[in-house]
Amino acid sequence: MVEYRDQNAPPGGPYQWGMVIDLDRCTGCEACVVACKAENNIRIAGEDEAAQGRAVYWIRIERYWEGEYPNAQLKFMPVLCQHCGNAPCEPVCPVYASYHTPDGLNAQVYNRCVGVRYCGNNCPYTVRYFNWFEPHWDEPLNEQLNPDVTVRSVGVMEKCTFCVQRIRGAQQTAQKEGRRVKDGEVTPACVQSCPTEALVFGDRNDPESRVSKLAESDRGFGLLEELGTKPAITYLKRIK
Amino acid sequence: MDLKRRDFLKVVGLGAAGSMLPGCGGETAKLIPYVLPDEEIVPGVANWYASVCRECEAGCGIIVRVMEGRARKIEGNPDHPLNRGKLCALGQASLQGLYNPDRIRGPLQRDGERGEGRFKPIPWEEAMSRWVSALQKHPGGAVLISRPVPGTLAGLFSTFMKEISGTVFFYEPSAERPLRAANRKSFGIDFLPDYDLANTTYLLSFGAPFLSHWLSPVHFGAAYGRMRQGRPEVRGRFVQVEPRLSLTAASADRWVPIRPGTEGLLAVAIGRLILEEGRTNLPRGDRSRFEKFYASFSIDRIANETGVAEEEIVRLAREFYTAASPLAIGGGIASEQTNGTDTLVAINALNLLVGNINRPGGIRFFRPSDFPASSAEVVGEQALLDLKGPSKKASRSVLMLYQANPLYTLPPSTQFRQVFEEADLVVSFSPFLDESTAMADLILPDHFFLESWGDHVTEGIAPAAGLAQPVVIPRYDTRPVGDLFLGAANRFGGGVKERLSWTDYRTMVREQWRDFFDRRQPGQPFEAAWVEALQKGGWWKPEGKPVSISQRGAPSAAEPARFEGSEKEFPFYFYPFPSMGLHYGQGANRPWLQELPDPMTTVVWGSWVEINPKTAQEYGLAERDLVRVISPYGEIEAPVVYFPGNPPDLISVPIGQGHRAYGRYAEGRGVNPLALLAPLIDAPSGALATGATRVRIERTGRKGRPVLVDQTGQGTRRHTEGGEGEA
Ligand code: SF4
Ligand code: SF4
Ligand code: SF4
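As annotated in an unreviewed UniProt entry, chain B carries the name Molybdopterin-dependent oxidoreductase and comes from Candidatus Manganitrophus noduliformans. Heading Sequence similarities (unreviewed entry) of the UniProt record for chain B holds this comment: "Belongs to the prokaryotic molybdopterin-containing oxidoreductase family."

The name recorded for chain A in an unreviewed UniProt entry is 4Fe-4S dicluster domain-containing protein, from Candidatus Manganitrophus noduliformans.

If you want it as structure tokens, here you go:
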């Protein structure tokens, strides 16, 4: 029998989940965007709501035009919740719906959220999405929904969770076997699909993990890191 | 044989090891779950089944997560050599094809005039009789237009049509045809090669959209990632030459704009420089043919015609021939011209000159697996247009459609509609009511691919044959198209019945695989190999042996492309390009893809016209203004989006919207830019030259409503400041 251990205290100390996004690999193909929608039961807004700016993407590809023809350039940057170590969205939540887990996730407790949207206001990355409408799927599109993930109702704030359902699943398996989660064992949906392997996910507390090693790259930087948000996502600069 | 007996695949129950499906004559077919290494399994009661994606022609291996008999999520099959666990947006969204609310739920017959789009249900038995007796009444006059189905189904279609003296066309609206034609001229090889992007050090691409929709985008995406950051010391360089800054060009180190249709000339100039500067290792015997051809071209004249400066041409040539393993590829806008094939031959010549055939980082030829697929060739638009030519093959005949939508993908100027109008009976096997199916008299709907047996031979990349099993119980009263053709063969009797004597399509697939395994590994028990193939999602070899080429064809022509419409009256080049999410329109009925922001403009749920911002301002056009785009053949109206990656004299519009049928998410949304095209063809390949029509624009004075979801990108440029570096 393996002795029961708290999931946040695996052998060798807690996890610290993080991601590396290599901008030199990202091609803007958006496979990650659909993979995330599929995995996390993200609602379809439709044309009218999208026109009001109410479409929801937990991960989106930002694009930046620079220069003019014939020297125009376009750059892609996948942006999702940065799971800030020092998250501006957290202290402003009056009901503690937005909080930090010991393993470094910026979690959102949907059934606690009262919809004041202070968190959305305070997030410098604008990655929080408010559910202005009750989610709706034309029958039988609802049959595809992932039973591991709740459908968020109208009036709550939602955002990327680093596919927490997959993380917890892998942690439980590891825990049962009395070991740590191995590197590469948890893969969020976006990371799994990305053809170019621009996205890498793992435990920053494991110095041997791919994510830890890549984050050491001298190409690494944090998005708006001058704000002191301490993002858990390290971007690697595109090379020109 | 009574089809009802073979009305298999009905729910009885779900076993823990997979769905138990009652087969024909009481035979049960047990579905075999994909075996994931333990640590990759996401807990919950989920089974994963391996199959093959059919959303584009690449045929990536997929695994489907099935819970309580419902498909919940699709991932790439980690074992499949093509995509190695990766999957694109279309593949991810195929669940929305399976669960699409507008699927055809059973056989239908026309109710009202042809093309009115009104249908009423008809029993299967009656539908089958009508179809088969129509075929019998038109001996030799039947035509089947099918999407390419490389595998058992291609064999079935070909055999059936041959036996009833009909014709089958495997048609796909893409520029693959010029590529094949060019490879035949250059290398004497018929099948598509593999471009070893992953190991190249210098990639020179002439318009090939390999990061969005060309040949096998996921395969190339993965290879691209490795080319950039997958090797310890080398970062592959990548230069894209094309008129418009495409999604693929956005990832390039350098984008070299060029005048449309002159890409082949640029390749000629580079080739000439390689020879002149003595950097070829072409065998002496071959060299003279190349020298002879290049002799009549001068670099400064080419600089003038292409709009690429002479220094840039010299730089490209030097970069190319000094690279450790250079690779030149061509496609997309470069090949979608009236001189498309010649352009690609000129690009191939660069590879021949530096001798990178069958070398790592170069072009490699792998013979497709010897799986007994039909060798049926994919045809270009010309072959379809010949149906209404003088021979009038299709008039007063039976026209059949299998997942081909020529009334959407062929411009009205080709008058292909005639073929539908003249046919005695139009039969469609499509699961969706697309534009062409809406013109049918009889609809015998196929299962969706996730409900079907099937296989898919991969061409180019190392030999592989994917195997598909139904991962869910068919939802509606649809039937596998393979069963329909076997059933028809049976009703026909005679030769066709003899050649196609299988009781059902699943058995046919299984028998093909039995033959295949018997030949490969004689004496080994089939059952174990079959189960393993189902479990793994097919059969493949880790790495094939490249086939040597028989021929080193020098380019023979570098004619400039022809354009329809005078420059004076129609001052703009026009380029309709397959949209990232909707491709050639087939993605338009998937809400996820409709709501997927176009990566370059962030537009969702509609069409837009891309114009260089300066040009737009000259015309007094602001973003979102509704503009009329007019060609000698038609006009469309769509809102303007400023596109800094367009040359001042080029207008581009994505293909994919503008459906008149195809369900609630697609219908009546945006415009189809193919409507403007002239019926111009690249003669050697028979492919439509989609880049060959000129247009003009007119203001309408009205505002459109393109939905841009770019709420955050604008004005937050500080994001990028950390994002760029020198290296
Ligand atoms: S990115 Fe925004 S939502 Fe995510 S933790 Fe940081 S502040 Fe909060
Ligand atoms: S980590 Fe999961 S939730 Fe976050 S963007 Fe990726 S797929 Fe979506
Ligand atoms: S899937 Fe990967 S390459 Fe494609 S947009 Fe997302 S991060 Fe970029």
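In the neighbourhood of ligand 1, 14 residues make up the surrounding shell, with C81(A), C84(A), C89(A), C123(A) and R128(A) lying closest. Of the residues contributing to the shell around ligand 1, the split by class is nine nonpolar, three polar and two charged.

As a matter of local geometry, ligand 2 sits amid C36(A), N40(A), W58(A), I59(A), L80(A), C160(A), T161(A), F162(A), C163(A), P188(A), A189(A) and C190(A). Of the residues belonging to the shell around ligand 2, the class tally is 10 nonpolar, two polar and no charged.

Another aspect to go through is the confidence of the model for chain B. All names here are of chain B. Residues with a pLDDT of 70 or more make up 91% of chain B, whose mean pLDDT is 89. Note on residues 1-28: pLDDT is under 50 here. Beyond four places in sequence and across chains, it has 67 contacts. Counting contacts from residues 712-727, a segment whose pLDDT is below 50, to residues more than four positions away or on other chains yields 35 contacts. In the model output, the complex is listed with pTM 0.92 alongside ipTM 0.94.

Further remarks concern the confidence of the model for chain A. A residue-level look at chain A finds 95% of positions with pLDDT of 70 or above and a mean pLDDT of 92. The model gives residues 1-5 of chain A a pLDDT under 50, and that stretch makes seven contacts with residues more than four places away or in other chains.

In this section: the nonpolar core. All names here are of chain B. If you look at the biggest cluster of nonpolar residues, it comprises 167 residues, and the most contacted ones within it are W131, M400, F429 and W513. A total of seven residues in this core trace back to one element, the largest contributor, which is helix α3 (residues 124-137). Other than its neighbours up to four places away in sequence, W131 contacts M400, L425, V427, F429, L442, L444, L484, F485 and A488.

Another point: the state of the cysteines. A covalent bond between the sulfur atoms of two cysteines is what we call a disulfide. Residue and element names in this part refer to chain A. What the rule picks out here adds up to zero disulfides over all chains. Counting only cysteine sulfurs, C119 is the nearest neighbor of C113, a cysteine outside any disulfide, at a range of 6.3 Å. According to the relative accessible area criterion, C113 is buried, its value standing at 15%.

Here we come to the domain arrangement of chain B. Along its sequence, chain B is organised into domain 1 (108-173 + 374-450 + 478-519), domain 2 (194-364) and domain 3 (572-708). Averaged C-alpha coordinates put domain 1 of chain B and domain 2 of chain B at centres separated by 40 Å.

Let us now look at the packing of helix α18 (residues 505-520) of chain B against helix α19 (residues 526-536) of chain B. All names here are of chain B. Two elements in contact, α18 and α19, have axes whose closest approach is 10 Å; the angle formed by their N-to-C orientations is 115°. Considered as vectors, α18 and α19 are oriented roughly perpendicular to each other. Seen along the crossing, α18 lies across α19 with a hand that is right-handed. Across the interface between the two elements, V509, R510, W513, R514 and F517 from α18 touch F526, E527, A529, W530 and A533 from α19. Taken together, the residues that form the contact of α18 with α19 break down as seven nonpolar, no polar and three charged.

Another point: a nonpolar patch on the surface. All names here are of chain A. Residues V114, V116 and Y118 make up a contiguous nonpolar surface patch of roughly 270 Å² in combined accessible area. Mapped onto the elements of the fold, Y118 is located in helix α3 (residues 118-122). Residue Y118 is classed as partly exposed on the basis of its relative accessible area, which comes to 46%.

Two pairing modes exist for strands in a sheet, parallel and antiparallel, and in both the strands are linked by backbone hydrogen bonds. Residues and elements named next belong to chain B. The three strands are arranged β4-β5-β6 in an open sheet whose pairing can be described as antiparallel. A single partner strand is all that each edge strand has here, and the edge strands are β4 (47-52) and β6 (70-76). The average angle at which neighbouring strand axes cross in this sheet is 30°, direction not considered. Pairing of strand β5 (residues 61-67) with β6, which is carried by six bridges, proceeds in the antiparallel orientation. Bridge pairing in β6 places I63 opposite E75.

Let's shift gears to the interface of chain B and chain A. On the chain A side, the residues contacting the 86 residues of chain B number 75 residues. With both chains or domains summed, chain B and chain A bury close to 7000 Å², and 55% of this area falls on carbon and sulfur atoms. At the junction of chain B with chain A, the criterion picks out 11 salt bridges. Connecting chain B to chain A are 28 residue pairs in polar contact (both at pLDDT 80 or more). Among the elements that make up the side of chain B that touches chain A, the one with the highest residue count is helix α6 (residues 217-229) of chain B (eight residues).

Here we come to the pattern of salt bridges. All names here are of chain B. Here the structure, examined in full by the defined rule, presents 64 salt bridges over all chains. The partner of R301 in a salt bridge is E305, with the nearest N and O atoms 3.1 Å apart. In this pair, R301 and E305 are both assigned in helix α10 (residues 299-306), four residues apart and thus about one turn of the helix distant. Judged by relative accessible area, which is 37%, R301 ranks as partly exposed.

A separate point is unusual backbone geometry. Residue P70(A) is bonded to the preceding Y69(A) through a cis peptide linkage, with omega at 5°. Look at the link from E139(A) to P140(A): it is a cis peptide, with omega at -5°. You can see P140(A) is positioned in the loop between β6 (129-130) and β7 (157-158). Its identity is not glycine, yet H83(A) carries a phi of approximately 45°, on the positive side. Considering the arrangement of structural elements, one finds H83(A) in the loop between β3 (73-80) and β4 (98-100). Residue class for H83(A) comes out buried when judged on its relative accessible area of 1%. Located in the positive-phi region is E68(B), a residue other than glycine, with phi close to 45°. Summarising the element assignment, E68(B) is placed in the loop between β5 and β6.

Right, let's talk about α18(B) for a bit. The first and last C-alpha atoms of α18(B) sit 23 Å apart over 16 residues, in line with the 22 Å expected at 1.5 Å per residue. Its side-chain oxygen placed 3.2 Å from the backbone nitrogen of R506(B), D504(B) serves as the N-cap of α18(B).

Residues and elements named next belong to chain B. The strand order across the open sheet formed by three strands is β21-β22-β23, and the pairing between neighbours is antiparallel. Strand pairing shows two members of the sheet lacking a second neighbour, β21 (454-458) and β23 (538-540), which therefore form its edges. Direction aside, neighbouring strands of the sheet carry axes that sit 15° apart on average. Direction of pairing for β21 relative to strand β22 (residues 464-468): antiparallel, over a ladder of five bridges. Counted as the bridge partner of V457 is A465 from β22. Contacts from α18 reach β21, β22 and β23 within the one sheet, and its direction differs from that of β23 by about 25°.

Bringing the packing of aromatic side chains into the picture now. Each aromatic ring pair is described using two quantities: the centre-to-centre distance and the angle formed by the ring planes. For the structure on display, the rule yields 42 aromatic pairs over all chains. Ring geometry for F517(B) against F526(B): centres 6.2 Å apart, planes inclined by 45°, an arrangement best described as tilted. The pair formed by F517(B) and F526(B) is uniform in burial state, with each residue classed as buried. By the ring-pair criterion, three or more aromatic residues cluster together here, those being F371(B), W453(B), W513(B), F516(B), F517(B), F526(B), W530(B) and W539(B). Here the guanidinium or amino end of R152(A) rests over the ring plane of Y110(A), the centre of that ring lying 5.7 Å away. The ring of Y573(B) has R694(B) lying over it, and the distance from NZ or CZ to the ring centre is 4.7 Å.

Now for the UniProt feature "domain: 4Fe-4S Mo/W bis-MGD-type" (unreviewed entry) in chain B. Sequence positions flagged by UniProt for "domain: 4Fe-4S Mo/W bis-MGD-type" (unreviewed entry) are, in local numbering, residues 46-102 of chain B. Secondary structure within residues 46-102 of chain B divides into 14% helix and 35% strand; the distance between the first and last C-alpha atoms comes to 27 Å.

Residues and elements named next belong to chain A. As for its position among the elements, M157 is in strand β7. The buried category is assigned to M157, whose relative accessible area is 4%. Placed 37 residues apart in sequence, M157 and G120 show a C-alpha to C-alpha distance of 7.7 Å.

Calculation criteria
Residues numbered from 1 in each chain as written. Chains lettered and ligands numbered in written order. Predicted model: local features only at pLDDT ≥ 70, side-chain atom pairs only at ≥ 80, totals over all residues. Heavy atoms only, no water. UniProt positions renumbered as here; feature names shortened; annotations may be inferred. Near = heavy atom within 4 Å. Nonpolar A, V, L, I, M, F, W, Y, C, P; charged D, E, K, R; others polar. pLDDT = per-residue confidence, 0-100. Contact = heavy atoms within 4.5 Å. Core = buried A, V, L, I, M, F, W, Y, C linked by side-chain atoms within 4.5 Å. Buried < 20%, exposed > 50% of the residue type's maximum accessible area, 1.4 Å probe, protein only. Helix = DSSP H or I, 4+ residues; strand = E, 2+ residues; numbered from the N terminus. Disulfide = S-S within 2.5 Å. Domains from an automatic or database assignment. Axes fitted to C-alpha atoms, helices over the stretch in contact; angles between N-to-C directions. Parallel < 35°, antiparallel > 145°, perpendicular 65-115°, else oblique. Left-handed = near helix turned anticlockwise from the far one by under 90°. Patch = residues over 30% accessible without salt bridge, like charges linked within 9 Å, V, L, I, M, F, W, Y side chains within 5 Å. Areas by Shrake-Rupley, 256 points an atom, 1.4 Å probe, with all protein chains shown as cover. Salt bridge = Lys/Arg side-chain N within 4 Å of Asp/Glu carboxyl O. Pairing = 2+ DSSP bridges. Buried area = accessible area lost by both parts, 1.4 Å probe. Polar contact = N/O pair within 3.5 Å; in protein donor to acceptor, adjacent residues only side chain to side chain. Expected span 1.5 Å × (residues − 1). Phe/Tyr/Trp six-rings, centres within 6.5 Å; stacked < 30°, edge-to-face > 60°. Lys NZ or Arg CZ within 6 Å of the ring centre and 35° of its normal.

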